[in-house]
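Geometric and topological summary
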Amino acid sequence: MKPSHGKYFAISALVAAMSLSWQAHAVTNDDLLQDHLTTDRIVTDGMGLQKQRYSPLTKLNTDNVKDLRPVWAFSFGGEKQRGQEAQPIIVDGVMYVSASYSRVFAVDARTGEELWEYNARLPDGIMPCCDVINRGVGVYDNLVIFGTLDARLVALDKDTGRVVWRKTVGDYQEGYSITAAPLIVNDKIITGVAGGEFGVVGKVEAYDAKTGNLLWTRPTVEGHMGYIWKDGQQVENGITGGEAGKTWPGDLWKTGGAATWLGGSYDPDTNLLFFGTGNPAPWNSHLRPGDNLYSSSRLALNPDTGEIVWSFQTTPNDGWDYDGVNEVISFDYEENGKTVKAVATADRNGFFYVLERESGDFIRGFPFVDKITWASGLDENGRPIFNDDNRPGNPAKTEGTQGQTVTTAPSFLGGKNWMPMAYSQETGLFYVPSNEWEMDIWNEDVTYRKGAAYLGAGFTIRPIHEDYIGVLRAIDPKTGEEVWRYNNYAPLWGGVMTTKSNLVFTGNPEGYLMAFDAKTGEMLYRFNTGSGIVGTPVTWEMDDEQYVSVVSGWGGAVPLWGGEVAQRVSNFNQGGSVFTFKLPKAYE
Amino acid sequence: MGINQRVFLPFLLVLTLLSAGQAFSRPYDELLASGFLRVGVYENFPPYSFKNADGEAVGIDVDIAQHIADEMGLELELFWMLPDEDLADDLRNYLWRGHVLDHDHKHERLSGKKVADVMLRVPYDRNFNYARGYIGQGVYAYQNDLIVMMMPYQRETWKLAHNSDRLEAARTLAVFQYHPIGVEMETVPAFMLTSVFNGNLRNQVRHFRSPAQAFQAMVEGEVTAVMAMRGELEWLLAQHASDSLKMGDTTFPAMGKQHWDIGIAVREADRQLGYHIEGILEPLVMSGEIASIFERYGVTWEVPAFYDF
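Rules used in this analysis
Residues numbered from 1 in each chain as written. Chains lettered and ligands numbered in written order. Predicted model: local features only at pLDDT ≥ 70, side-chain atom pairs only at ≥ 80, totals over all residues. Heavy atoms only, no water. UniProt positions renumbered as here; feature names shortened; annotations may be inferred. Helix = DSSP H or I, 4+ residues; strand = E, 2+ residues; numbered from the N terminus. Buried < 20%, exposed > 50% of the residue type's maximum accessible area, 1.4 Å probe, protein only. Phe/Tyr/Trp six-rings, centres within 6.5 Å; stacked < 30°, edge-to-face > 60°. Lys NZ or Arg CZ within 6 Å of the ring centre and 35° of its normal. Contact = heavy atoms within 4.5 Å. Buried area = accessible area lost by both parts, 1.4 Å probe. Salt bridge = Lys/Arg side-chain N within 4 Å of Asp/Glu carboxyl O. Polar contact = N/O pair within 3.5 Å; in protein donor to acceptor, adjacent residues only side chain to side chain. Core = buried A, V, L, I, M, F, W, Y, C linked by side-chain atoms within 4.5 Å. Domains from an automatic or database assignment. Pairing = 2+ DSSP bridges. Axes fitted to C-alpha atoms, helices over the stretch in contact; angles between N-to-C directions. Expected span 1.5 Å × (residues − 1). Bend = angle between axes of the 7 residues up to and from the residue. pLDDT = per-residue confidence, 0-100.

Quick notes on the UniProt feature "active site" (unreviewed entry) in chain A
Residues and elements named next belong to chain A. In this numbering, the UniProt entry assigns the feature "active site" (unreviewed entry) to Asp321. Inspection of the secondary structure assignment puts Asp321 in the loop between strand S22 (308-313) and strand S23 (329-335). Classification of Asp321 by relative accessible area gives buried; the value is 2%.

See the structure below:
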């Protein structure tokens, strides 16, 4: 930790001298539940626990957004740049934002001055799979809580940045890590874990927000026992999926993968948590015939017990690395005079799913990208109809040094990756940041691991089109219709936010924060932040003015994966900063 | 989260963009003058490199590293490596670029990242060293051209050890339709045993985090046999004196690569250091004297295919 004491005390004295409106008040459960309705603060990742990323603010609109101006920028400093994927949190005039390498900053939201910073001390030799990113913090009571690359939850005092408690969620030496923002519901911190191909088993866990004590743990792979703590006693709470071996051969369930690396959302109507799970292990699907539950799935859990209430698997027996972790957004819509309580999710595998919120029943699904080759469609239950020719070959049957090459769309980075989409209650549309790319996969035996021969998969990702990869899409969840699209040269890797006044904000790797007309897709504003945007913008109100903030700093998984896509982004420079915008005073 | 990746071109790009990423530290003369040699060995990897009960660094590779340092008149500094997903990652993390999380070695290198002078237990494979990968626009670029593989010093082989009380001999793999067999997860034995014979052995394969855990399961009777590298199995057999645990001579026709050579790697710019080390190790290998180091750990030394003519 690097607390800047001198600076902090000077500023706290200043704070004390200022008006009561700036006086810190603790963040309550109610604040978290009302976040989607309140405009003067953002206390959840997702701008509401349902993660619609929809703001009721209207001061900034399609007419005046062209006059948006940056009011301050804040640099994360140091040499630690790389991908900045966080969404800022704003409480009582203070912005809490995380940065690469497990850092957290508290910044005066009016001026951009730093109040404190926290640098997690990371152990040597951790192996984060996909860049050293962090996707944001949670706030609760007087705490700022976040997960670190070495798989700990750290709770900081929101005024000083000092550590209040610290808990280990997984052993980083076994490959566990945390990059998602924690979800905070009913005084509990709910978190998943990231983990690579090293035999990690995914889980969702709840911790007491005040003390950091573990309350329940729910493994996401069939056959593993869940636990709940009652009066300090660990009590068995049922085996995930009932028993081992139903959808996995042999003992592969023991090391089955299904990491919950992107965190979750919560719906107060049904009192359900929604978490997605990653791909199964080992990566070669031929070794594990069966559905491999609950890999590449969406799970609904009871926040009090961790019980799995329903599950929906997007890619059974995944062989393409189609993690099923993408965010599940709760929303209501009218059909035949009835309100349907639904959830929507846009999967790495290229399909968009609308499910019944309480039961997980499949309502409809449709492609949201132009090209899907691994499946010809979905059946009436939402299960993919596989194209067997498009499943990567069995490496055990590789002849010679390189097996047969299979070309598949979308690429393993997905029709949509982690970057969150937004839902507008005004237009009834989802705004989906997506990518059009495909991959070649082949098996090769000229590779090694820890001094041993190894059967690896070689692959390369290719753009499908010369002039764009990224596509920001407006999608009607009732019909699957694409209402408008914006094509972007580089792949889109940042989240989306929308407002009641029909604005859609997102950023691109070229560095622009962009605002679109939510109805037409016309670009109304853009500003270059100097480095690629792979974070998610937010908007809030302060001193009767509407602000917009976004973190800038190119990185994340895209530049790590080579091939022609890496060439397309190789000239983008790294960075690490927050940009904050508002309209000039003349509009008041 | 990533099919095991081999194509790490972006790191080449990073290298091109940031000259600070390059590893020109410790030229040969400076290395000799510094008084120490930094050798990369894998952490917790018996019998090759590990810490014994007293916390001392021991193992075949540690002894070889010590021998090299002694011959060069340098102190040995061991650089313990945690293996990443594959060899290309390890070469990047520990030899030519340094680990992404390391920013604490500014006094050594412009990039601020610590790297080894030489890495041991690197397979010796020209096809790997000169592998090309497609980077678009009709271009196939070298993927591992920042390092040089040199000096094969051992031949490694997949082997099978079994409990002869439960299974007299494992002449073919077909017996493992009826007997549980332990393997380290995410290894060729794991892939092979779960896929041969149309997957008929699949339900008998037990996956463990390490060969030592698999071996322990054999000692406790949970599995009948263990498949792993010869060196690992011989070391484990030596640790568990028992008449019933035996090394088998099963062959594995379904397996792509049954044997491979193990050598060293240095940075492309440090070939001179590599030649110096070859001058030290080659006589030991040619004469077979290196076998005495392997014997200390109960391991049979097999001459590398490179010298087997």
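Quick look at the UniProt feature "domain: Pyrrolo-quinoline quinone repeat" (unreviewed entry) in chain A
Residues given the UniProt feature "domain: Pyrrolo-quinoline quinone repeat" (unreviewed entry) here are residues 50-362 and 470-538 of chain A. Secondary structure content for residues 470-538 of chain A is 0% helix and 51% strand, while the C-alpha to C-alpha distance between its ends is 21 Å.

What to know about the packing of aromatic side chains
Tallying each qualifying case throughout the model produces 43 aromatic pairs over all chains. With a centroid separation of 5.3 Å and 80° between ring planes, the pair formed by A:Phe527 and A:Phe581 is classed as edge-to-face. With A:Phe527 in strand S39 (residues 523-528) and A:Phe581 in strand S42 (residues 577-582), the pair connects residues that are 54 residues apart, well separated along the chain. For the pair B:Phe45 and B:Tyr48, a centre-to-centre distance of 5.2 Å together with 65° between the ring planes defines the contact as edge-to-face. With respect to class, B:Phe45 is no different from B:Tyr48; both count as buried. Ring-pair connections join several aromatic residues into one group, and the members of that group are A:Phe312, A:Trp320, A:Tyr322, A:Phe351, A:Tyr353, A:Phe362, A:Trp374 and A:Phe386. The ring of A:Phe386 has A:Arg391 sitting right over it, with the charged end atom 5.1 Å from the ring centre.

Observations concerning the interface of chain B and chain A
Interface size is commonly expressed as the accessible area that is lost once the parts come together. Across the contact, 58 residues belong to chain B and 64 residues belong to chain A. Both sides together, the interface formed by chain B and chain A hides about 5800 Å², and carbon and sulfur atoms give 62% of it. At the boundary of chain B and chain A, one finds two salt bridges. For B:Glu186, the salt bridge identified is with A:Arg449, shortest N-O distance 3.3 Å. Inspection of the chain B/chain A interface yields 11 residue pairs in polar contact (both at pLDDT 80 or more).

Overview of the nonpolar core
In globular proteins that are soluble, nonpolar side chains generally tend to be buried together. With 163 residues, the main nonpolar core has A:Phe352, B:Ile64, B:Leu91, B:Tyr153 and B:Trp158 as its most contacted residues. When residues in this core are grouped by element, the largest group, nine residues, is from strand S8 (residues 147-163) of chain B. Lining this core are residues from two domains, each supplying at least three of them: domain 1 (9-155 + 261-307) and domain 2 (157-247) of chain B.

A word on the environment of A:Gly535
Residue and element names in this part refer to chain A. Note on placement: Gly535 falls in the loop between S39 and strand S40 (538-542). Look at Gly535 and you get buried, because its relative accessible area is 0%. Taking the C-alpha atoms as reference points, Gly535 and Val107, separated by 428 residues in sequence, lie 17 Å from one another. Sequence-distant contacts of Gly535, that is, excluding residues within four places in its chain, are made with Gln84, Glu85, Ala86, Gly494, Gly495 and Val551.

Overview of the domain arrangement of chain B
All names here are of chain B. According to the domain assignment, chain B consists of domain 1 (9-155 + 261-307) and domain 2 (157-247). Between the C-alpha centres of domain 1 and domain 2 there is a distance of 30 Å. Of the residues lining the interface, 11 residues belong to domain 1; the matching set on domain 2 comes to eight residues. Interface of domain 1 and domain 2: buried area, both sides summed, is about 810 Å²; carbon and sulfur atoms make up 58% of it. Its largest share of buried area at the contact with domain 2, domain 1 owes to Tyr48, Thr300 and Glu302, together 35% of the area lost on that side. Where domain 1 meets domain 2, there are one salt bridge. Glu302 serves as the salt-bridge partner of Arg230, at 3.4 Å between the closest nitrogen and oxygen. At the junction of domain 1 with domain 2, the criterion picks out three residue pairs in polar contact (both at pLDDT 80 or more).

Some details on the pairing of S39(A)
All names here are of chain A. Sheet topology note: the strand S38 (residues 512-517)/S39 ladder contains five bridges and is antiparallel. In the sheet register, Ala515 faces S39, and the bridge partner there is Tyr525. What sits between the antiparallel neighbours S38 and S39 is a turn of five residues, in which Gly521 has the positive phi angle 85°.

Section: helix H6 (residues 188-199) of chain B
Within H6(B), 10 of the 12 residues are buried, which leaves the element mostly enclosed by the surrounding structure. All buried positions along H6(B) are accounted for by B:Val188, B:Pro189, B:Ala190, B:Phe191, B:Met192, B:Leu193, B:Thr194, B:Ser195, B:Val196 and B:Gly199. Where the residues of H6(B) are buried, they touch strand S33 (452-463) of chain A together with S8, strand S9 (181-184), strand S10 (205-208) and strand S11 (225-229) of chain B.

A few points about the pattern of salt bridges
Residue and element names in this part refer to chain A. Inspection of every chain in the model, using the stated rule, returns 47 salt bridges over all chains. Across the pair Glu327 and Lys416 runs a salt bridge, and its minimum N-O distance is 2.8 Å. One end of the pair, Glu327, is in the loop between S22 and S23; the other, Lys416, is in the loop between strand S29 (406-408) and strand S30 (422-423), with 89 residues separating them in the sequence. Note on Lys416: relative accessible area 0%, which makes it buried.

Details of the side chain of A:Ser100
Residues and elements named next belong to chain A. Within the element layout of this structure, Ser100 appears in the loop between strand S4 (94-99) and strand S5 (103-108). In terms of polar contacts, Ser100 uses its side chain to reach the backbone carbonyl oxygen of Gln81, at 2.5 Å. Residues in contact with Ser100, not counting those within four places in the same chain, are Lys80, Gln81, Gly83, Gln84, Val132 and Ile133.

A closer look at the sheet that holds S23(A)
Residue and element names in this part refer to chain A. Strand order in the open sheet formed by four strands is S23-S24-S25-S26, with antiparallel pairing between adjacent strands. Here the strands that pair on one side only, and so sit at the sheet edges, are S23 and strand S26 (362-367). Neighbour to neighbour, the strand axes of the sheet diverge by 30° on average, direction disregarded. Here strand S24 (residues 338-346) runs beside strand S25 (residues 351-356); their pairing, made up of five bridges, is antiparallel. Note on S25: the bridge partner recorded for Ala344 is Val354.

Brief notes about helix H9 (residues 271-287) of chain B
All names here are of chain B. With 17 residues, H9 should cover 24 Å at 1.5 Å per step; its first-to-last C-alpha distance of 24 Å lies within 8% of that length. At Leu281, H9 is bent by approximately 35°, the largest bend along its length, and proline Pro283 sits one to four residues beyond. Buried within H9 we find Leu273, Gly274, Ile277, Ile280, Leu281, Leu284 and Val285. Buried residues along H9 sit in contact with helix H2 (28-34), strand S1 (36-42), helix H3 (60-72), strand S5 (118-124), S8 and strand S13 (259-267). A positive backbone phi angle near 80° is found at Gly288, which sits one or two residues after H9.

Focus: the confidence of the model for chain A
Residues at a pLDDT of 70 or more form 93% of chain A, whose mean pLDDT is 92. Across residues 1-23 of chain A, where pLDDT falls below 50, the model places 26 contacts with residues more than four positions away in sequence or in other chains.

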